[in-house]
Amino acid sequence: MSALRSLYHYLLKLPLKLLVKCKVIPDNFSDGSNINQEQPIFYVVRYQSSSDVIALQHACKKLNLPNPLKKVIINGKSFPRVFFLEKTSSVLSWKEKAKTNAIDQGLEILTEHELDSDLDAQMIPVNITWGRTPTKEKNTANVGTVIADEESPTWLRKIFIVLFAGRDTLARFSEPMSFRYMEDKHGSNEATAHKLIRIARFHFYRQTISVTGPRLMHRKQMFTAMFANPAIKKIIADEVKSKDSSEAEVKKQALAIMDEIAGDYRESMISVGARVLTWLWKRLYKSIEVSNANTVRNLAQEGHEIIYVPCHRSHMDYLLLTYIIAQEGLVTPRIAAGINLNFWPAGPIFRKAGAFFIRRSFRGNRLYSTIFREYLGLLFERGYSVKYYSEGGRSRTGRLLPPKTGMLAMTIQSLLRGIDRPLTLVPVYIGYEHVMEVGTYHKELSGSEKKSESFLGVFKAIKNLRNYGKGYVNFGEPININKFLTDEVPDWKQSINPIDPQKPKWLTPTVNLLADKVMTNINQCAALNGVSLVALILHSTDNKALSKIELESQLDFFLMLQRAAPYSAELTVPADSGAELLADVIALNKVTVNEDSFGTIISLNESDALEMRYYRNNILHTYVLHALLCRVLECNSNISTSAIIEQIQPLLSLIKSELFLWGSAQDMAVNIETSLNVLAELNIAEQRESGTWSLLEANNQRSKSRLLAECIDETIQRLAIICSLIDRLSPIDKATFEDNVVSIAKRLCVLNSISAPEFIDKKAQSLLIGTMQKLGYIGLDDDGKLVPTDTLAPLKDIILNLTDIEVQQSISR
């Protein structure tokens, strides 16, 4: 029998090799560090299926794990390496499904552990998922349910599954379970074996749901459910009364709004899209680097309702993040897209890929706002993951935009409907070495009118496709909204009202806090890359130029700082050297390369400088603390650690809201001390016996710290303008003061050759002035005009001490 089975598996390999493409998701042990290859290794899979075993064999080969078709020898006894939880169903529906010997097999191995104290066999759960087709609500059965891998299939149905879904097979390896632990903790009886198998069965169920998603509702079913919603019934009745319309007319309007908003998710569109995008990414990007995806998989498996909240750099974000989520073995989310993207043919394609559309503004339109809020609540209630952009639009400067809080507010209001599962926000940093719209952004910032999206625009973008370097998708630290609300508003559950949820008084301030935390967490998981680092360094030089040798050395220095004293634990830093990064940047034509008799010069021409400023702003926040530290050391000799902290902390507090910096005052102090020690290790600074710090004189490394200090120069100048003008012009109304600040900033741009839209942006200046008010440096007199407070003078002294004398003179003149 064993020989016949081996022959059968051998003959089955060839057709399956042609029909099946298995993607391996190794979860936490891609490096094999938590698997002891010296001990016996077993696998547990859901179904006793030859196609599953062959797929498992291919997956194990990729991870250098033992062949599942080989027996395991323990103390002279032979055991099958694979546990099967269920046998396939019989084609004859009345025939009862046979049971596997998994319980007996597990009991035998547990008994061996009782006899041999050195034995510690491991069982690795491997979930083989054929395709992503979700199960569907009743009355909508079609071919999709035939190939949906939701239950133990018959051999006939398995043939169709392999034929139609074999190219989209996932093998997810989870962390191994220890037989030794189970035997020591629970004994070697049948109850322990049952427990082991029960854990594996539930584990597979959760994993399968995270891949295929919950049961799929058709659009018409959604509309029916929404018309039955108490809140929508109430708003329709209110509209009938207030507008003197018939109920039929209002329902017709409501249906039109639902039709405009609702997605029309089709798994087939996701499958086709994945193939098209795989081809596209290979053409566009050298690679797509993904970080911390396992955290999201664990959340999905634990039953969390996941809401992806990425930053918004490009229209490419919609495609890239959805593609990466699918590639990481997760169900693709329903995506909130601006109504401007609902044009032919993109609109219908996006809608079938899971997009639902939202108007730019619907203030005052109670019918639309209620329907949209309840549609979002229905998605959460049904267990669909969701993705929306809290910035409300693409960043034109490369910095994170202040968040729009409408979607977050509606998310919390959905919780107040009584949803009984945890809602968890997953911040996502998306980065590129080239953003295809960056040229358009500069035109818009220069005053050009924003062009509406169209099919012609898409065609032009496709026509101009070229090598865009690398893309980056980093998943940040999740935010459990339920826990966040409990911490901020302990009695929030008293506001739950499933029939008519109201807007509680605590909602707006709590949403604002949550929005800031989301943006901060996005910046925490930033991705450094060669283009952004070169942009940051060259923009810190006087002429935006360095010799190639100097630039490579600076790159190594900037990389070393983040490796030794990282901005955050989630930050990703390239493993390449400065020379390797620069070679890639040159290949992308991001810089100008000139040769002379002394060597190679790397510079930015006027056009390059505008474009590279965008990428500089992507990562500026990660070097703010290091830059301030070098600036303080440049301007102060023999300064104590406490004095350094006292100077840097208030400055970080001022720009914290603008750059979405993380950390408390205590965190900042710890990071400053860590960075000081790194500078000492690099022979840039030294701590004397008295405990004071100074930069080392006559040191080749001194130029590195000086250039790093220049990264923060523009921010120091903006603070100097505000501190100087408020002293001279107060009392003054806020609008006039902002105009004066912007005027001086524009003058400095001309005098110091600063080409930075954010430097003269009135909103950015207003935010900084508002922060100074909030922190008590600027107050209001009896007439409501701005005046300096007593605490401004010491802050002004710190800022002016760090400001170049030429800049101070320009401001005072």
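Notes on the structure follow. Just so it is clear, the model here is predicted, and its values are computed rather than measured.

### A closer look at the overall build of the protein
Piece 1. If you tally the helices and strands in the protein, you get 32 helices and 24 strands.
Piece 2. A compact globule built from 813 residues should have a C-alpha radius of gyration of about 28 Å, and the protein, at 30 Å, falls within 12% of that.
Piece 3. For the C-alpha atoms alone, the extent of the protein along its principal axes is close to 95 × 75 × 55 Å.
Piece 4. Expressed as a percentage of its 813 residues, the buried residues of the protein come to 54%.
Piece 5. Counting only carbon and sulfur atoms, one obtains 53% of the accessible surface of the protein, whose full area is about 36600 Å².

### Digging into the packing of aromatic side chains
Piece 1. Going through the model one piece at a time under the given rule, you end up with 19 aromatic pairs.
Piece 2. Both rings, one in F42 and one in F83, keep their centres 5.8 Å apart while their planes meet at 80°; by these two values the pair is edge-to-face. Placement of F42 in strand β2 (residues 41-48) and of F83 in strand β5 (residues 82-87) is noted, with a sequence separation of 41 residues between them.
Piece 3. We classify F42 as buried; its relative accessible area is 0%.
Piece 4. A connected cluster of aromatic rings, assembled from ring pairs, spans W281, Y285, Y323, Y432 and Y468.
Piece 5. The ring centre of Y265 lies 3.9 Å from the NZ or CZ of R334, which sits over that ring.
Piece 6. In this structure, R334 packs its charged tip against the face of Y384, placed 4.4 Å from the ring centre.

### What about unusual backbone geometry?
Piece 1. Cis geometry marks the peptide bond from W344 to P345, where omega comes out at 0°.
Piece 2. As for its position among the elements, P345 is in the loop between β11 (334-338) and α14 (346-352).
Piece 3. One non-glycine residue, N75, lies in positive phi territory at about 50°.
Piece 4. Relative to the helices and strands, N75 is located in the loop between β3 (72-74) and β4 (77-79).
Piece 5. For N75, a relative accessible area of 48% corresponds to the partly exposed category.

### Let's talk about the sheet that holds strand β21 (residues 685-687)
Piece 1. The strand order across the open sheet built from three strands is β20-β22-β21, with neighbouring strands paired in antiparallel fashion. Because the sheet does not close on itself, it has two edges, and the strands there are β20 (639-640) and β21.
Piece 2. In the sheet, β20 pairs with strand β22 (residues 692-695) via two bridges, with the strands oriented antiparallel. Within the sheet, the bridge partner assigned to S640 lies in β22 and is T692.
Piece 3. Its contacts with the sheet put helix α24 (residues 606-635) on β20, β21 and β22, and the angle it makes with β22 is roughly 90°.

### Quick word on the sheet that holds strand β19 (residues 599-603)
Piece 1. Pairing is antiparallel across the open sheet formed by three strands, whose spatial order is β17-β19-β18. Each edge of the open sheet carries a strand with a single partner, namely β17 (545-547) and β18 (592-596). Neighbour-to-neighbour, the strand axes of the sheet open up by a mean angle of 25°, direction not taken into account.
Piece 2. As judged from the five bridges shared by β18 and β19, these two strands associate in the antiparallel manner. Each bridged residue has a counterpart across the sheet, and for T592 the counterpart in β19 is S603.

### Some remarks on the pattern of salt bridges
Piece 1. Scanning the model with the defined rule gives 31 salt bridges in all.
Piece 2. In this structure, the salt-bridge partner of E239 is K243, at a minimum N-O distance of 3.1 Å. Here E239 pairs with K243, and both are found in helix α9 (residues 230-243), just four residues apart, close to one helical turn.
Piece 3. Of the residues examined, K243 reaches a relative accessible area of 52% and is grouped as exposed.

### Digging into the side chain of Q301
Piece 1. With respect to the helices and strands, Q301 occurs in helix α12 (residues 293-301).
Piece 2. Side chain to side chain, Q301 and H203 meet in a polar contact 2.7 Å long.
Piece 3. In contact with Q301, not counting residues within four places along its chain, are R172, H203, R206, Q207 and S210.

### Details of a nonpolar patch on the surface
Piece 1. On the surface, a nonpolar cluster with roughly 940 Å² of combined accessible area is contributed by L14, L18, L19, W155, L156, I159, F160, L163 and F164.
Piece 2. Here the element with the most residues in the nonpolar patch is helix α5 (residues 155-165); it accounts for six residues.
Piece 3. Tracing the backbone through its elements, the reader meets L163 in helix α5.
Piece 4. Given the relative accessible area of 48%, L163 is considered partly exposed.

### Observations concerning the packing of helix α16 (residues 406-415) against helix α20 (residues 507-524)
Piece 1. Contact geometry of α16 with α20 gives a least axis separation of 9 Å together with a crossing angle of 115°. Considering how the two elements wind past one another, α16 and α20 form a crossing that is right-handed. In this structure, α16 contributes L408, A409, I412 and Q413 to the contact, and α20 contributes L507, V511, L514 and A515.
Piece 2. The residue inventory of the contact of α16 with α20, partitioned by class, reads seven nonpolar, one polar and no charged.

### Here's the deal with the side chain of T520
Piece 1. Turning to its location among the elements, T520 is positioned in helix α20.
Piece 2. Non-local contacts of T520, meaning those with residues more than four positions away in its chain, are made with F660, L661 and W662.

### Points about helix α10 (residues 247-261)
Piece 1. Its 15 residues give α10 an end-to-end C-alpha distance of 21 Å, which sits within 8% of 21 Å, the value for a rise of 1.5 Å per residue.
Piece 2. Within the sequence span of α10, burial applies to V250, A254, I257, M258 and I261. All buried residues of α10 lie within an arc of 100° about the axis, which places them on one face of the element. The exposed set on the far side of α10, more than 90 degrees from its buried face, consists of A248 and K252.

Cut-offs used in this document
Residues numbered from 1 in each chain as written. Predicted model: local features only at pLDDT ≥ 70, side-chain atom pairs only at ≥ 80, totals over all residues. Heavy atoms only, no water. Helix = DSSP H or I, 4+ residues; strand = E, 2+ residues; numbered from the N terminus. Rg over C-alpha atoms; globule rule 2.2 N^0.38 Å. Buried < 20%, exposed > 50% of the residue type's maximum accessible area, 1.4 Å probe, protein only. Areas by Shrake-Rupley, 256 points an atom, 1.4 Å probe, with all protein chains shown as cover. Phe/Tyr/Trp six-rings, centres within 6.5 Å; stacked < 30°, edge-to-face > 60°. Lys NZ or Arg CZ within 6 Å of the ring centre and 35° of its normal. Pairing = 2+ DSSP bridges. Contact = heavy atoms within 4.5 Å. Axes fitted to C-alpha atoms, helices over the stretch in contact; angles between N-to-C directions. Salt bridge = Lys/Arg side-chain N within 4 Å of Asp/Glu carboxyl O. Polar contact = N/O pair within 3.5 Å; in protein donor to acceptor, adjacent residues only side chain to side chain. Patch = residues over 30% accessible without salt bridge, like charges linked within 9 Å, V, L, I, M, F, W, Y side chains within 5 Å. Left-handed = near helix turned anticlockwise from the far one by under 90°. Nonpolar A, V, L, I, M, F, W, Y, C, P; charged D, E, K, R; others polar. Expected span 1.5 Å × (residues − 1). Arc of directions from axis to C-beta.

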